[in-house]
Amino acid sequence: MSNALIEAIEKRRTQYALGKNITQEQEEITALIEQAVKLSPSAFNSQSSRVVVLFNQQSEKFWHIVMNELRAIVPANKFAPTEAKINGFAAGIGTILFYEDLQTIAGLQQQYPSYAEQFPIWSEQGSGIAQFAVWTALANAGIGASLQHYNPLPDAAAAKEWQIPDSWKLRAMMPFGSNEAPFPEKTFIDDTERFKVFY
């Protein structure tokens, strides 16, 4: 059975070899990211996801912040692989910072106290859906990306640099750019280990 969404999802892969050879305008990419986040579902339609999109020098600045934070905790004689990895993220044309608004979550906890413990969990699920939607939309446009989690290392410096509200909590970061290397074959565990179906 042919399905356009499944075909788009199949294109979503982790790309570490990023470049700047992108034909789309920055405004077009920004609109794509914004639409993917806006159309992503969230518990109680909370819309708690927040996004910061950094292009070019701004993106490089973010990864420079991450690099400096890592230098403080990774031994100098073992830093070369870490440096190469971070430079690979900075080689793309941009980075998306995914945040969740804790103020929105707290408001829902007050409004619906019987679900108070669940809202942080649902927030994480909503953030993951938004990340996946953006990643898939980028891949469908021929743009490579990967999902990274260096938080909380760069949180404070990034908040200061880009004037991030105190209530926004960084959850993930997605460097993106042109695909500069082919994707390896993707393998899957046996379906019987993952699925149970009853008719």
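Below you will find a few notes about this structure. No experiment lies behind these values; they were computed from the predicted model shown.

### Quick look at the overall build of the protein chain
Of the regular secondary structure elements, the protein chain holds seven helices and five strands. Secondary structure elements of the protein chain, listed N to C terminal, follow the sequence α-β-α-β-α-α-β-α-α-β-α-β. Since a compact globule built from 199 residues should have a radius of gyration of about 16 Å, the 18 Å found for the protein chain is in line with a globular shape. With respect to the principal axes defined by its C-alpha atoms, the protein chain has extents near 50 × 45 × 35 Å. Burial status across the protein chain gives 39% buried among its 199 residues. Look at the contacts in the protein chain between residues 6 or more apart in sequence, and 85% of them connect residues 24 or more apart. In the form shown here, the protein chain has an accessible surface area of approximately 12,100 Å², with 53% of it arising from carbon and sulfur atoms. Each charge class in the protein chain was averaged separately, 16 positive and 21 negative side chains, and the resulting centres sit 4 Å apart.

### Comments concerning the pattern of salt bridges
Counted according to the given criterion, the structure contains five salt bridges. With its nearest N and O atoms 3.5 Å apart, the salt bridge here joins Glu60 to Lys20. Taken together, the positions of Glu60 in helix α3 (residues 57-71) and Lys20 in the loop between β1 (18-19) and α2 (26-38) put the pair 40 residues apart, joining distant regions of the chain. Classification of Glu60 by relative accessible area gives partly exposed; the value is 35%. Given a relative accessible area of 42%, Lys20 falls into the partly exposed group.

### Regarding the pairing of strand β5 (residues 168-179)
β5 sits mainly inside the fold: nine of its twelve residues count as buried. Bridge analysis of β1 against β5 gives two bridges, and the strand direction is antiparallel. Residue Gly19 lies in a different strand from β5, and its bridge partner there is Ser178. Of the pairings in the sheet, the one linking strand β3 (residues 94-101) to β5 comprises eight bridges and is antiparallel in character. Across the sheet, residue Leu97 finds its bridge partner in β5, namely Met173.

### Describing the packing of aromatic side chains
Using the criterion set out here, one finds 15 aromatic pairs in the structure. Each ring, one from Phe62 and one from Trp162, has its centre 6.4 Å from the other, and the planes form 45°; the classification is tilted. Of this pair, Phe62 sits in helix α3 while Trp162 sits in the loop between α7 (155-161) and β5, and the two are 100 residues apart along the sequence. Here Phe62 falls in the buried class, since its relative accessible area comes to 0%. Centroid distance Trp63 to Tyr150: 6.0 Å. Interplanar angle 85°. Geometry classified as edge-to-face. Of this pair, Trp63 sits in helix α3 while Tyr150 sits in the loop between β4 (144-145) and α7; the two residues are 87 residues apart in sequence, bridging distant segments of the chain. On the accessibility criterion, Trp63 (1% relative accessible area) is buried. Following the ring pairs from residue to residue traces out a cluster consisting of Tyr16, Phe62, Trp63, Phe89, Tyr150 and Trp162.

### What about a nonpolar patch on the surface?
A contiguous nonpolar patch, built from Phe195, Val197 and Tyr199 and spanning about 470 Å² of accessible area, is present on the exposed surface. Assignment of secondary structure puts Val197 in the segment after β5.

### As for the nonpolar core
Residues Phe62, Trp63, Ile86, Leu97 and Tyr150 are the most contacted members of the largest nonpolar core, which totals 20 residues. Listed by contribution, the elements that provide at least two residues to this core are β2 (49-55), α3, α4 (79-90), β3 and β5. It is α3 that contributes the most residues to this core, six residues altogether. Leu97 has contacts with Arg50, Val51, Val52, Leu54, Phe62, Leu170, Ala172 and Met173, leaving out every residue within four places of it along the chain.

### Some points on α2
End to end, α2 covers 18 Å across 13 residues, agreeing with the expected 18 Å (1.5 Å per residue, within 8%). All of the buried residues in α2 are Ile29, Ile33, Ala36 and Val37. Down the axis of α2, the buried side of the element spans an arc of 100°, and every buried residue falls inside it. Among the exposed residues of α2, those oriented more than 90 degrees off its buried face are Glu27 and Lys38. In the core, the buried residues of α2 are packed alongside β2, β3, α6 (119-140) and β5.

About the thresholds
Residues numbered from 1 in each chain as written. Predicted model: local features only at pLDDT ≥ 70, side-chain atom pairs only at ≥ 80, totals over all residues. Heavy atoms only, no water. Helix = DSSP H or I, 4+ residues; strand = E, 2+ residues; numbered from the N terminus. Rg over C-alpha atoms; globule rule 2.2 N^0.38 Å. Buried < 20%, exposed > 50% of the residue type's maximum accessible area, 1.4 Å probe, protein only. Contact = heavy atoms within 4.5 Å. Areas by Shrake-Rupley, 256 points an atom, 1.4 Å probe, with all protein chains shown as cover. Lys, Arg positive; Asp, Glu negative; His and termini not counted. Charge placed at Lys NZ, Arg CZ, Asp CG, Glu CD. Salt bridge = Lys/Arg side-chain N within 4 Å of Asp/Glu carboxyl O. Pairing = 2+ DSSP bridges. Phe/Tyr/Trp six-rings, centres within 6.5 Å; stacked < 30°, edge-to-face > 60°. Patch = residues over 30% accessible without salt bridge, like charges linked within 9 Å, V, L, I, M, F, W, Y side chains within 5 Å. Core = buried A, V, L, I, M, F, W, Y, C linked by side-chain atoms within 4.5 Å. Expected span 1.5 Å × (residues − 1). Arc of directions from axis to C-beta.

Purely geometric stuff here, so don't read any function into it on its own.
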